[in-house]
Amino acid sequence: MPAQSRRVSNRQRVVPAAALVIVASLTPRTARPEQQPLWEFGLGAGALVLNDYRGANTTHAYPVPVPYFIYRGRFLQSDRDGLRGKLLHQDRIELNLSVNATAPVRNDSARAGMPDLRPTVEIGPSLNAHLWRSADSRARLDLRLPARAAFTLEAHPHGIGWFSAPHLNLDLAQYAGPTGWKLGLLSGPLLAQRRYDDYFYSVAPQYASPTRPSYAAPGGCAGTQVLVSLSRRFRDHWIGAYLRHDSLADAAFATSPLVKRDSYWSGGLAFVWMIGRSQRLVESDE
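Computed from a predicted model, the values in this text were never measured in an experiment.

Would you take a moment to explain the overall build of the chain for this structure?
The helix and strand inventory of the chain stands at 2 helices and 16 strands. A buried classification covers 51% of the 286 residues belonging to the chain. Look at the contacts in the chain between residues 6 or more apart in sequence, and 68% of them connect residues 24 or more apart. Accessible area of the chain: about 13000 Å², with a carbon and sulfur share of 61%.

Which parts of the structure should I look at to understand the pattern of salt bridges?
Pairs can form between side chains of opposite charge once their charged atoms are near each other. Across all of its chains, the model carries 10 salt bridges by this definition. Between Asp136 and Arg138 there is a salt bridge, with its nearest N and O atoms 2.7 Å apart. Of the two residues examined, Asp136 and Arg138, each falls in the buried class. Put simply, Arg144 and Asp142 hold a salt bridge, and the shortest N to O gap is 3.6 Å. Each member of the pair, Arg144 as well as Asp142, carries the same accessibility label: buried. Shared partners join several salt bridges into a network, and the residues in it are Glu40, Arg233 and Arg277.

Got a minute to help me understand the pairing of strand β13 (residues 220-233) in this structure?
Looking along a regular strand, one sees the side chains alternate between the two faces of the sheet. Direction of pairing for strand β12 (residues 180-192) relative to β13: antiparallel, over a ladder of 12 bridges. Across the sheet, residue Trp181 finds its bridge partner in β13, namely Arg232. As paired strands, β13 and strand β14 (residues 237-247) are joined by 10 bridges and run antiparallel to one another. Looking at β14, one finds that Gln225 is bridged to Asp246. Here β13 folds back onto β14, and the loop between the two strands holds 3 residues.

Which parts of the structure should I look at to understand the packing of aromatic side chains?
Aromatic rings in a pair are described by how distant their centres are and how their planes are angled relative to each other. Enumeration over the complete set of coordinates arrives at 8 aromatic pairs. Both rings, one in Phe163 and one in Tyr196, keep their centres 5.0 Å apart while their planes meet at 35 degrees; by these two values the pair is tilted. Here Tyr196 lies in helix α2 (residues 194-201) and Phe163 lies in strand β10 (residues 159-164), a separation of 33 residues in the sequence. Here Phe163 matches Tyr196 in class, with each residue buried. Pairing Tyr199 with Phe200 gives two aromatic rings, centres 5.0 Å apart and planes at 90 degrees, and the pair type is edge-to-face. The residues Tyr199 and Phe200 share a single accessibility class, namely buried. Each member of the aromatic cluster is reached from another via a ring pair, and the members are Tyr53, Phe163, Tyr196, Tyr199, Phe200, Tyr201 and Phe253.

Honestly, α2 in this entry has me stumped. Any pointers?
The set of residues buried in α2 consists of Tyr196, Asp197, Tyr199, Phe200 and Tyr201. For α2, the angular spread of buried residues about the axis comes to 160 degrees, placing them on one side. Looking at the packing, one finds that the buried side of α2 touches β8 (120-133), β9 (139-152), β10, β12 and β13.

I tried to follow the nonpolar core on my own but got confused; where do I start?
It is characteristic of soluble globular proteins that their nonpolar side chains tend to be buried jointly. Counting residues in each nonpolar core, the largest one holds 26 residues, and the members touching the most others are Tyr53, Phe163, Tyr196, Phe200, Tyr201, Leu248 and Phe253. Those elements that provide at least two residues to this core are β10, β12 and α2. Tallying contributions element by element places α2 first for this core, with 4 residues. Counting residues in hydrophobic clusters, the runner-up holds 13 residues, among them Val64, Val66, Tyr242 and Ala270.

Analysis parameters
Residues numbered from 1 in each chain as written. Predicted model: local features only at pLDDT ≥ 70, side-chain atom pairs only at ≥ 80, totals over all residues. Heavy atoms only, no water. Helix = DSSP H or I, 4+ residues; strand = E, 2+ residues; numbered from the N terminus. Buried < 20%, exposed > 50% of the residue type's maximum accessible area, 1.4 Å probe, protein only. Contact = heavy atoms within 4.5 Å. Areas by Shrake-Rupley, 256 points an atom, 1.4 Å probe, with all protein chains shown as cover. Salt bridge = Lys/Arg side-chain N within 4 Å of Asp/Glu carboxyl O. Pairing = 2+ DSSP bridges. Phe/Tyr/Trp six-rings, centres within 6.5 Å; stacked < 30°, edge-to-face > 60°. Arc of directions from axis to C-beta. Core = buried A, V, L, I, M, F, W, Y, C linked by side-chain atoms within 4.5 Å.

What follows is the structure, given as structure tokens:
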């Protein structure tokens, strides 16, 4: 959902604001930039259905508030691609700011007797290459290379390493502007530093048991992801949903005793009411 980045932690919990974005194509429009409000703001609610962490066999549904914020500034933008600082913007290359977060994990059966997992926040650059655009701007193919440093959210935060989710992203839009249906498809591998995998998948000797041997996560490949999202912007409201498939079959930590499933689905949906918009208009090629 729009105020956040769409990319993912080791659990790859796509923040709804960033995840529910991308779209279908029907009626042609001109490709020239249109005049759009400098900012738009909305507020709504949604729900996520997620595994406790990637590889867990326990699933929970989470109600979530959904802020919707569009800002079409020159150096800072928040739109269907999430919040980003436009550090570099050329015809073919963008260097953006990528942000992601994960929820805490408590009382998971596979981790019984082990410390709870704190929520985390991830932040780092994303180098995006525009591989192809249709003449009417309703279809586009990008290569996105986010790399984020992760930190726990607690009284004394500490770093847990780096996470990267390079992927191909195909966006299809019903119209060239912000309205109409939008379909998004993305797919790619997930990569994690050893410290990152250690936080989620290692079992220290003091927590070992007959059914849960000690394990040291190696880092490296963290599996693959495929995500499909569908959304539509109306004048006074916005709706969106996404469905994601994760595969851990080739993950470096696949043999961890904490990995109970090597393939699973997750998803979410949201509804937002638009509250206000700027009277100032700027050119936008959304």
